[in-house]
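Examining the three-dimensional arrangement
The primary structure of each chain is shown beneath.
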Amino acid sequence: MAAEGDVELELETEPNGSGREKPRKHDSGAADLERVTDYAEEKEIQSSNLETAMSVIGDRRSREQKAKQEREKELAKVTIKKEDLELIMTEMEISRAAAERSLREHMGNVVEALITLTN
């Protein structure tokens, strides 16, 4: 007899009423995972496709590198004042290269460079 508030658990039995417990499957999730991962379509990679992909990647890298070099040339043309550079270095406590880069990116404008560095 169960006391008030106690819950009695009933075991699952087979429908024929034999009284045996029904075995539970604990690995059903693993079986589902195996079904999904077992199927792997094997494709043969053609060398022409690989060569095309590699050339596209190489072209993209060279374009990015060229654009980066052009940007660096543009930034090198910007004149900055030594006083502005020293101000940013001391106030923001950053290296000379970082302060110079920030000033050049903002065309020598100290206020814009400081605002960007503080955000």
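Residues numbered from 1 in each chain as written. Predicted model: local features only at pLDDT ≥ 70, side-chain atom pairs only at ≥ 80, totals over all residues. Heavy atoms only, no water.

This part covers the pattern of salt bridges. Considering all chains together, one arrives at four salt bridges under this definition. Residue arginine 104 pairs with glutamate 100 through a salt bridge whose shortest N-O separation is 3.0 Å. Of this pair, arginine 104 and glutamate 100 both sit in helix 4 (residues 96-105), four residues apart, which is roughly one turn of the helix. For arginine 104, a relative accessible area of 16% corresponds to the buried category. Judged by relative accessible area, glutamate 100 falls into the partly exposed class, the value being 25%. (Salt bridge = Lys/Arg side-chain N within 4 Å of Asp/Glu carboxyl O. Helix = DSSP H or I, 4+ residues; strand = E, 2+ residues; numbered from the N terminus. Buried < 20%, exposed > 50% of the residue type's maximum accessible area, 1.4 Å probe, protein only.)

This brings us to the confidence of the model for the chain. Averaged over all residues, the pLDDT of the chain equals 78, while 63% of them reach at least 70. Mean pLDDT across the elements of the chain ranges from a minimum in helix 1 (residues 28-38), with 62, to a maximum in helix 4, with 92. (pLDDT = per-residue confidence, 0-100.)

Another aspect to go through is the nonpolar core. Residues Leu85, Ile88, Met89, Ala99, Leu103, Val110 and Ala113 constitute the largest nonpolar core, which totals seven residues. Taken together, the elements giving at least two residues each to this core come down to helix 3 (82-92), helix 4 and helix 5 (110-118). At three residues, the largest contribution of residues to this core is made by helix 3. Beyond its immediate stretch of four places on either side in the chain, isoleucine 88 contacts Glu93, Ile94, Ala99, Leu103, Val110, Ala113, Leu114 and Leu117. (Core = buried A, V, L, I, M, F, W, Y, C linked by side-chain atoms within 4.5 Å. Contact = heavy atoms within 4.5 Å.)

We now examine helix 3. Three or more residues of helix 3 are buried, namely Asp84, Leu85, Ile88 and Met89. Mapping the buried residues of helix 3 onto a view down its axis gives an arc of 135°, with all of them on the same face. Among the exposed residues of helix 3, those oriented more than 90 degrees off its buried face are Lys82, Glu83, Thr90 and Glu91. Here the buried face of helix 3 lies against helix 4 and helix 5. Note on helix 3: the residue one or two positions beyond its end, glutamate 93, has a positive phi of about 55°. (Arc of directions from axis to C-beta.)

Below, the discussion takes up the side chain of aspartate 84. Within the secondary structure layout, aspartate 84 lies in helix 3. One buried charged residue, aspartate 84, remains without a salt bridge, the closest side chain of opposite sign being lysine 81 at 5.0 Å. Non-local contacts of aspartate 84, meaning those with residues more than four positions away in its chain, are made with Leu103, Gly108 and Val110. (Lys, Arg positive; Asp, Glu negative; His and termini not counted.)

Where helix 4 is concerned, the buried positions are Ala99, Ser102, Leu103 and Arg104. In this fold, the buried residues of helix 4 make contact with helix 2 (47-77), helix 3 and helix 5.

Now for the side chain of histidine 106. Here histidine 106 lies in the loop between helix 4 and helix 5. A polar side-chain atom of histidine 106 sits 2.9 Å from the main-chain carbonyl oxygen of serine 102. (Polar contact = N/O pair within 3.5 Å; in protein donor to acceptor, adjacent residues only side chain to side chain.)

By the element assignment, isoleucine 88 lies in helix 3. In the structure, isoleucine 88 is positioned 29 residues away from leucine 117 in sequence and 9.2 Å away in space, judged by C-alpha atoms.

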